[in-house]
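# Analysis of the macromolecular model
What follows is each chain in one-letter form.
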Amino acid sequence: MAKASKTAKAPAKRSRPKPPAVRRAWRWFLRRLALVLAVPVLLVFVAILLFAFVDPPTTHTIWSEKRRLGDVDRQWIGIEEVAPAAVRAVVAAEDANYCLHWGFDVDAIRDALEDGGTRGASTISQQTVKNVFLWQGRSWLRKALEALITPAAEAVWSKRRILEIYINVAEFDEGVFGIDAASHHYFGVPPGKLSPMQGALLASVLPNPKGRSASRPSTSQRKRAARIADGAATIAADGRAACFED
């Protein structure tokens, strides 16, 4: 009787079936989509790192207005060259709790929702991200991108840097961008010479720069500027200006 072989034969290796054509196409699409999404994310992250030290050269709004008008009035200025009362006025007008949040004012968002969305709840951090990286106008896509980029900007930029960028890219009149251009445009003085009321009047135009004037304010705008000036004094007294002042 023949002896059984001591070594058993290894089972034949089966080749794995290739995925169906639809699955291959779907995987190809997902890889390309990931690549397409990764490129702008990487560019934004690099820009955030760069703008921590380098001033943004332009924004979508500045670029589009320059194309429409032929030219714009804008000159970058360091935050230390702006009258502190004027800087505090901007914060008091746009985001009084600026030093107390990490990019989103949850209480302001809750209040806006309770009011049916009739008033805004965007912080200065959100507005800076919108101005530098995105576009104007209301859309869910823009708000979603703003919500994604804002925490990254807050993590990399200091509060003082965010505010410095904001006051240099915000629109104060048609074709007038930044507090330096606005200060000369409306009052004929450099930003360091702005009085508390002049700073408050500049801040009062920010929600509607094309429809308001700091040098020719309406009665309601004057009253709002007075409240802004009071608010600026209040945040200086209670410490809510500490994160952006030396």
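Our structure is the block above this text.
It should be emphasised that the depicted structure is a prediction, and the values quoted were computed from it without experimental measurement.

## Let's talk about the state of the cysteines
Per the counting criterion, the structure on display carries 1 disulfide. Residue pairing for cysteine 99: its cysteine sulfur links by disulfide to cysteine 243, the two sulfurs lying 1.9 Å apart. Because the torsion about its S-S bond is -80°, the bridge between cysteine 99 and cysteine 243 counts as left-handed. One end of the pair, cysteine 99, is in the loop between α3 (84-94) and α4 (106-114); the other, cysteine 243, is in the segment after α10 (219-237), with 144 residues separating them in the sequence. Owing to a relative accessible area of 29%, cysteine 243 belongs among the partly exposed residues under this scheme.

## So, a positive patch on the surface
Together, Arg23, Arg27, Arg31 and Arg32 make up a region of like positive charge exposed at the surface. Take arginine 27: it is sitting in helix α1 (residues 21-51). You can call arginine 27 partly exposed: its relative accessible area is 44%.

## Details of the nonpolar core
Formed by 53 residues in total, the largest nonpolar core has its most connected members in Phe133, Leu163, Phe172 and Ile179. Residue assignment for this core shows that the elements contributing at least two residues are α1, α3, α5 (124-133), α6 (140-156), α7 (159-169), α8 (179-187), α9 (196-204) and α10. Here this core gets 7 residues from one element, more than from any other, and that element is α3. Aside from chain neighbours lying at most four places away, what touches leucine 163 is Ile79, Val87, Val91, Tyr98, Ile124 and Phe244.

## So, the environment of glutamate 154
Examined against the element boundaries, glutamate 154 turns out to sit in helix α6. Assessed through its relative accessible area of 16%, glutamate 154 is described here as buried. The spacing of glutamate 154 and glutamine 126 is 28 residues in sequence and 9.5 Å in space, taken between C-alpha atoms. In contact with glutamate 154, other than residues within four places in its own chain, are His101, Trp102, Gly103, Ser125, Lys159 and Ile162.

About the thresholds
- Residues numbered from 1 in each chain as written.
- Predicted model: local features only at pLDDT ≥ 70, side-chain atom pairs only at ≥ 80, totals over all residues.
- Heavy atoms only, no water.
- Disulfide = S-S within 2.5 Å.
- Helix = DSSP H or I, 4+ residues; strand = E, 2+ residues; numbered from the N terminus.
- Buried < 20%, exposed > 50% of the residue type's maximum accessible area, 1.4 Å probe, protein only.
- Patch = residues over 30% accessible without salt bridge, like charges linked within 9 Å, V, L, I, M, F, W, Y side chains within 5 Å.
- Areas by Shrake-Rupley, 256 points an atom, 1.4 Å probe, with all protein chains shown as cover.
- Salt bridge = Lys/Arg side-chain N within 4 Å of Asp/Glu carboxyl O.
- Lys, Arg positive; Asp, Glu negative; His and termini not counted.
- Charge placed at Lys NZ, Arg CZ, Asp CG, Glu CD.
- Core = buried A, V, L, I, M, F, W, Y, C linked by side-chain atoms within 4.5 Å.
- Contact = heavy atoms within 4.5 Å.

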